[in-house]
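# Report on the structure
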Amino acid sequence: MRARSVLGSCAIVAAVATAGSLWFSEGLGLVPCELCWYQRILMYPLVVILGVGTLEDRVGTWRTALPVAVLGIGVSASHVWLQLAPSATCGLDGACTAVQWRGLGVFTIPRLSLLAFLLVTIGLGALALADRGIVDPARIGVDR
């Protein structure tokens with residue numbers, strides 16, 4: 001697998017997450033809470049960063065995208081925790097604790113966001129390890 005494939009896969013994950021967030025708000029009419037907005041602020045640029053990195057076949061794109069994705073993990077994990085501890089509050093209206101949508105009985109919007117950020121981070125982490133020579137690129141399936 002080439003580095004371009006890993007970048008492309010990460011870009012697709014970010015694009016699906018972006019489209020999903022727009023579908024929840026524009027299609028279903030769900031109002032994003034404060035933490036949802038922060039997650040969007042972190043996810044949306046990843047589509048562009050990873051998309052351009054894929055088109056230009058730039059392995060070093062991980063340097064820009066990885067910190068954004070890791071920060072997204074932090075925000076979405078905090079949001080998941082708030083939903084699991086409903087006595088906690090977030091923002092002025094406490095809307096971050098509300099579960100507005102549930103898929104397959106397990107997935108909530110913040111959990112989907114966390115999953116997307118984790119997938120992107122795993123892909124970019126593999127690229128970072130291969131690019132820095134910490135791991136043999138062939139071992140993790142990445143060629144340059």
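Heads up: these notes are all about the structure in this document. Not measured: the values here are computed from a predicted model.

The rules we used
Residues numbered from 1 in each chain as written. Predicted model: local features only at pLDDT ≥ 70, side-chain atom pairs only at ≥ 80, totals over all residues. Heavy atoms only, no water. Helix = DSSP H or I, 4+ residues; strand = E, 2+ residues; numbered from the N terminus. Expected span 1.5 Å × (residues − 1). Buried < 20%, exposed > 50% of the residue type's maximum accessible area, 1.4 Å probe, protein only. Polar contact = N/O pair within 3.5 Å; in protein donor to acceptor, adjacent residues only side chain to side chain. Contact = heavy atoms within 4.5 Å.

What follows covers helix α4 (residues 109-131). Between its first and last C-alpha, α4 extends 33 Å over 23 residues, near the 33 Å set by a 1.5 Å rise per residue. Residue G133 follows α4 closely and has a positive phi angle near 75°.

What follows is about unusual backbone geometry. In most cases, non-glycine residues show a negative phi, while peptide bonds are predominantly trans. Notably, D57 is not glycine yet its phi reads approximately 55°, a positive angle. Tracing the backbone shows D57 in the loop between α2 (34-55) and α3 (62-84).

Looking now at the side chain of T121. Along the chain, the position of T121 falls in helix α4. Given the relative accessible area of 16%, T121 is considered buried. Separated by 2.7 Å, the side chain of T121 and the backbone oxygen of F117 make a polar contact. Sequence-distant contacts of T121, that is, excluding residues within four places in its chain, are made with L66, A69, V70 and I73.

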